[in-house]
Every structure is written in C-alpha cells, then in structure tokens.
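Commentary on secondary and tertiary structure
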Amino acid sequence: MKLFAGNSNRSLAGHICNYLDTPLGKANVRRFADQEIFIEILENVRGEDCFILQSTSYPANDHLMELLIMIDALRRASARRITAVLPYFGYARQDRKPGPRTPISAKVVANLITTAGADRILTLDLHAAQIQGFFDIPTDNLFAVPVLARDVKENYALENVMVVSPDVGGVVRARALAKRLDSMLAIVDKRRDRPGESEVMNVIGDVEGKDCVLIDDIIDSGGTLCNAAEALLNKGATSVTAYITHGVLSGGAVSRITSSKLKELVITDSIEPTSAVETAHNIRVVSVAELVGEAIQRTALEKSVSSLFD
Ligand code: R5P
C-alpha cells in the first residue's frame, strides 16, 4: 500500500508514516500562477492500494479540490483501490436543510469525492454518524474517544471527574467517554438563536464541586464551549476542561480560549495546529496518528477496523 498526502496536514501524514514505517508517497502538489491546482504523482502506483490523507479544513475549498484532483491522478495512474482518509471532514455541519431553498452541502461533497474516483472513505468523528450514508462507498467513521479517554486518565483524578456534553446533540459522544472513565454525565442545554451565536440555557446534572470534562466534536468560534464552561462554573464546578476532536478554531477563537476560564482545551491533530494554537498557554494537542495509522493498516490488510474500539 502507499500513503499520499495533500497539503492540509503534512505533520499528521509524517507521524502516520512513522507509525506505519513507510515513506510518504512522492507527489507534487502545487499551484499555477492563477491558483489552479496541479498534482503530479512521482512514483508508480499501478495495481497499488493507495490512501490519500487530506483534511478538508481551512481553506476548505482548496483542500477539497486538492483531494479531488489527487484522487483523479491516482485513478488515471491505475491505482487498484483509492481510500480518501479525511481526519476532518469539512462541510459536515451542513448535513440537512436548515431552511427552505438551502443546500445539503455535506452530501454534495460526498458526491464529489465519490465521483472523483474514491473507493473507500476513512474519517474521524463525523459531526453526525449518519453522514456515512451520504457516501455510496464503504465508509469507516473512527472515534477519537479512546485517545481522549487515555489522556483524561493520565491527567485528571477520575473520582472527581464529571463528563459534560455541551449540548443535547452531543450526548451519545459524551456518554461514550463517561463509560470509558466510569464517571457521571451532565448536559448543558443550549439554545442557538442565530447561526454563529450560542446561548447556554441550563445545566442538567449536579456539577457542584466537580472537575468537569466537556467533550465535543468541533470547536469553531469557541462560543459553544466558552458559554458551556461559564454555565458550569456558575453552577459550582471546581474546574472545566474541554476535549474536542477537531480544532477548527476560526476567527478569534484562540484568543477567546486563552482569555476564558477554561483550565485546558485539548484537541487532536485531525486539523494541523496553527502556531497560535501551539503557543496558547491553555491549549494542548494530542495525536490521532496511531489511531488513523492503525486503521489504514487494518484496511490494507482487510482486517477489522471496528475492533479497534472494543
Ligand atoms: C455543534 O453542533 C457542534 O457539535 C459544535 O458544538 C459547534 O460546531 C461548535 O461551534 P462553535 O465553537 O462555533 O460554537
């Protein structure tokens, strides 16, 4: 098998190659003067089982286009099978019509990747599990929860931990973490009036005196998280830490986090951390390289991927 990567997350690609003990496939990914993308695969892939690592993170459209063109290049070079590995699947939050005459963009992106020639999808913590059904090709949705749970165990006194979902939609994810930590669960009941704004309404569960661990799939503006943290502290929580898989962190999110009362925000490297993230005093990055690398290896060897989470 061969692993190639676009430009979205070269450091994760490097770590995965180390885990797999294999060199990164040689490819030129560059721009013409007018910013059109050009890709050249620099080694023979005829009959090979090829994996392309590319998160469709900021700039989402450029990274998506790189992925599509790289799939096409491999397909035309007679790769036997192409797996698009998307540690972060951008556009996932647009998974239903929020109003009349609006698109379901996650479906459009799924169609684009499939039509370009991908045979399989490997992704991580999809915003909603049912997005797997947007693809008519086999799709494995990995969970970061084992990586996050291990980190909580290494860094926090578990007897005082309370896992918290920052909204009702995240309860399943939070319950999975609570189960692994054998801890209790609380829920922040959030109401969002306008897109981009969030408002905390209520905390379900007694968080007084607890070290709260918020878990979510995405942190974007940081509004959901900071409001949830505020609500928990107002209800008497001793501390609030957050574990979030995808650090989208757009706009002023990093400074919102650094000036918040959050003890720590832990994100994964599904999206390449910016230098602002790396230097933030209360943001830490844990790697999913081993998890994604193992899933790639199992896919290549036709072994079970789901048993990774038993
Ligand atoms: C929402 O359903 C997601 O799970 C996240 O809670 C949301 O995308 C976070 O966005 P923000 O950081 O902008 O509040």
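Residues numbered from 1 in each chain as written. Predicted model: local features only at pLDDT ≥ 70, side-chain atom pairs only at ≥ 80, totals over all residues. Heavy atoms only, no water.

Structural notes on the overall build of the chain
- Helix and strand counts for the chain stand at nine helices and 14 strands.
- In terms of overall size, the chain behaves like a compact globule, its C-alpha atoms giving a radius of gyration of 20 Å where 310 residues would be expected to give roughly 19 Å.
- Along the first, second and third principal axes, the C-alpha set of the chain runs to 60 × 45 × 35 Å.
- By residue count, 53% of the 310 residues in the chain fall in the buried class.
- Sequence-distant contacts, at least 24 apart, represent 62% of the contacts inside the chain between residues at least 6 apart.
- For the chain, the computed accessible surface area is about 14400 Å², with 48% contributed by carbon and sulfur atoms.
- When the 34 positive and 39 negative side-chain charges of the chain are each reduced to one mean point, those points stand 4 Å apart. (Helix = DSSP H or I, 4+ residues; strand = E, 2+ residues; numbered from the N terminus. Rg over C-alpha atoms; globule rule 2.2 N^0.38 Å. Buried < 20%, exposed > 50% of the residue type's maximum accessible area, 1.4 Å probe, protein only. Contact = heavy atoms within 4.5 Å. Areas by Shrake-Rupley, 256 points an atom, 1.4 Å probe, with all protein chains shown as cover. Lys, Arg positive; Asp, Glu negative; His and termini not counted. Charge placed at Lys NZ, Arg CZ, Asp CG, Glu CD.)

Let's talk about the nonpolar core
- Counting 39 residues, the largest nonpolar core has Ile16, Leu53, Leu142, Val163, Leu177, Val292 and Ile296 as the members making the most contacts within it.
- In this view, Ile296 contacts Met1, Leu3, Ile16, Leu20, Phe51, Val85 and Leu122; residues no more than four positions away in its chain are not counted. (Core = buried A, V, L, I, M, F, W, Y, C linked by side-chain atoms within 4.5 Å.)

Some thoughts on the domain arrangement of the chain
- When the domains of the chain are assigned, the result is domain 1 (2–143 + 290–309) and domain 2 (145–287).
- Here the C-alpha centre of domain 2 lies 27 Å away from the C-alpha centre of domain 1.
- Taken together, the contacts link 18 residues of domain 1 with 16 residues of domain 2.
- Roughly 1400 Å² of surface becomes buried between domain 1 and domain 2 when both sides are summed, with 48% attributable to carbon and sulfur atoms.
- Sorting the residues of domain 1 by area buried against domain 2 places Tyr88, Arg93 and Asp125 first, and these three jointly supply 34% of that buried surface.
- Taken together, the connections running from domain 1 to domain 2 amount to one salt bridge.
- Where Asp220 meets Arg93, a salt bridge forms, and the shortest distance between an N and an O atom there is 3.0 Å.
- The interface formed by domain 1 and domain 2 holds twelve residue pairs in polar contact (both at pLDDT 80 or more) in total.
- Counting residues per element, the side of domain 1 that touches domain 2 draws most heavily on helix α1 (residues 10–20), which supplies four residues.
- Its residues assigned to classes, the side of domain 1 that touches domain 2 comprises eight nonpolar, seven polar and three charged. (Domains from an automatic or database assignment. Buried area = accessible area lost by both parts, 1.4 Å probe. Salt bridge = Lys/Arg side-chain N within 4 Å of Asp/Glu carboxyl O. Polar contact = N/O pair within 3.5 Å; in protein donor to acceptor, adjacent residues only side chain to side chain. Nonpolar A, V, L, I, M, F, W, Y, C, P; charged D, E, K, R; others polar.)

Side note on the packing of aromatic side chains
- Per the stated rule, a full pass over the model turns up three aromatic pairs.
- Pairing Phe32 with Phe38 gives two aromatic rings, centres 5.4 Å apart and planes at 40 degrees, and the pair type is tilted.
- Looking at Phe32, the relative accessible area reads 37%, which means it is partly exposed. (Phe/Tyr/Trp six-rings, centres within 6.5 Å; stacked < 30°, edge-to-face > 60°.)

Looking at the site of the ligand
- Around the ligand, a shell composed of 13 residues is seen, among which Asp216, Asp217, Ser221, Gly222 and Thr224 lie nearest.
- Side-chain polar atom of Asp217 to an oxygen atom of the ligand: 2.6 Å apart, as the coordinates give it.
- Between the ligand and Ser221, the relevant distance is 2.6 Å, taken from an oxygen atom to a side-chain nitrogen or oxygen of the residue.
- Top contributing element to the shell around the ligand by residue count: strand β11 (residues 211–219), with four residues.
- Among the residues making up the shell around the ligand, the classes are represented as two nonpolar, five polar and six charged. (Near = heavy atom within 4 Å.)

Some remarks on the sheet that holds strand β6 (residues 120–124)
- Pairing is parallel in the open sheet, where five strands are placed in the order β1-β4-β5-β6-β7. Looking at strand neighbours, the two that pair on one side only are β1 (2–5) and β7 (139–142), the edges of this open sheet. Here the strands of the sheet are splayed against their neighbours by 20 degrees on average, with no regard to which way each runs.
- Bridge analysis of strand β5 (residues 81–86) against β6 gives four bridges, and the strand direction is parallel. By the bridge assignment, Val85 is partnered in β6 with Leu122.
- The sheet strands contacting helix α2 (residues 60–76) are β1, β4 (49–53) and β5, and the helix crosses β5 at an angle near 165 degrees. (Pairing = 2+ DSSP bridges. Axes fitted to C-alpha atoms, helices over the stretch in contact; angles between N-to-C directions.)

Here's the deal with the pattern of salt bridges
- Tallied over the entire structure, the rule returns 16 salt bridges.
- Asp140 is the partner of Arg120 in a salt bridge, and the nearest nitrogen-oxygen pair spans 2.9 Å. You can see Arg120 sitting in strand β6 and its partner Asp140 sitting in strand β7, a full 20 residues away along the chain.
- Linking Lys261 and Glu230 is a salt bridge whose minimum nitrogen-to-oxygen distance equals 3.3 Å. Of this pair, Lys261 sits in the loop between α7 (253–258) and β13 (264–268) while Glu230 is found in helix α6 (residues 223–234), placing the two residues 31 residues apart along the sequence.
- In this structure Lys261 comes out as exposed when scored by relative accessible area, which is 59%.
- Three or more residues joined by partner-sharing salt bridges are found here, namely Arg31, Asp62 and Glu66.

Concerning the layout of surface pockets
- Roughly 530 Å³ of internal volume is contained in the second largest pocket.
- Lining the second largest pocket are 25 residues, with Ser57, Tyr58, Tyr88, Val248 and Ile271 sitting closest to its centre.
- Split by residue class, the lining of the second largest pocket holds 13 nonpolar, nine polar and three charged.
- The residues that make up the lining of the second largest pocket include at least three from each of domain 1 (2–143 + 290–309) and domain 2 (145–287). (1 Å grid on protein atoms, 1.4 Å probe; cavity = no way out; pocket = protein on both sides within 12 Å on 5 of 7 lines; lining within 4 Å. Points joined across faces, edges and corners; volume = space filled by probe spheres on them.)

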